[in-house]
Amino acid sequence: MSVTSYSLLVFLRGGPGDIPEIHEVESGSAEDRLRIPRWNGYEHFALTQDFKDVGGVLMPVYQWSYRTAIAE
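Our subject in this report is the structure included herewith. (Residues numbered from 1 in each chain as written. Predicted model: local features only at pLDDT ≥ 70, side-chain atom pairs only at ≥ 80, totals over all residues. Heavy atoms only, no water.)

In this structure, Leu8, Val10, Leu12, Ile19, Val25, Leu34, Ile36, Phe45 and Tyr62 together form the largest nonpolar core, which totals 9 residues. Those elements that provide at least two residues to this core are β1 (6-13) and β3 (33-38). Looking at which element gives the most residues to this core, the answer is β1, with 3 residues. (Core = buried A, V, L, I, M, F, W, Y, C linked by side-chain atoms within 4.5 Å. Buried < 20%, exposed > 50% of the residue type's maximum accessible area, 1.4 Å probe, protein only. Helix = DSSP H or I, 4+ residues; strand = E, 2+ residues; numbered from the N terminus.)

Right under this line is the structure:
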């Protein structure tokens, strides 16, 4: 049996201003946390219970939590 993954649009709230609010996630479902690579680290976002209506599309909302550096 194969599992088909697909893209899911999510809404990012908070965090650095140069990260677009709408983000595409390659996944079959929304994860509890997202880790987005940025510069020399990662921006971490946590799933909230909110949804954002963007042009008639309901997107799960992730709130920025913290930043970590990439380990060398």
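On to the pairing of strand β5 (residues 57-69), then. Across 3 bridges, β1 lies against β5 in parallel orientation. Of the residues in β5, the one forming a bridge with Leu12 is Tyr62. As consecutive antiparallel partners, strand β4 (residues 41-54) and β5 are separated by 2 residues, and within that stretch Gly55 has a phi angle of approximately 60 degrees, a positive value. (Pairing = 2+ DSSP bridges.)

The next thing to look at is the pattern of salt bridges. Per the counting criterion, the structure on display carries 4 salt bridges. Between Asp50 and Arg13 there is a salt bridge, and its shortest N-O distance comes to 3.1 Å. Remark: Arg13 occurs in strand β1 and Asp50 occurs in strand β4; sequence separation between them is 37 residues. Note that Arg67 is salt-bridged to Glu43, the shortest N-O span being 2.6 Å. Here Arg67, found in strand β5, pairs with Glu43, found in strand β4; they are 24 residues apart in sequence, far enough to count as distant. The exposure class of Arg67 is partly exposed, given its relative accessible area of 34%. Taking the relative accessible area as the measure of exposure, Glu43 reaches 1% and is therefore buried. Through salt bridges with shared partners, a single network forms among Asp18, Arg38, Glu43 and Arg67. (Salt bridge = Lys/Arg side-chain N within 4 Å of Asp/Glu carboxyl O.)

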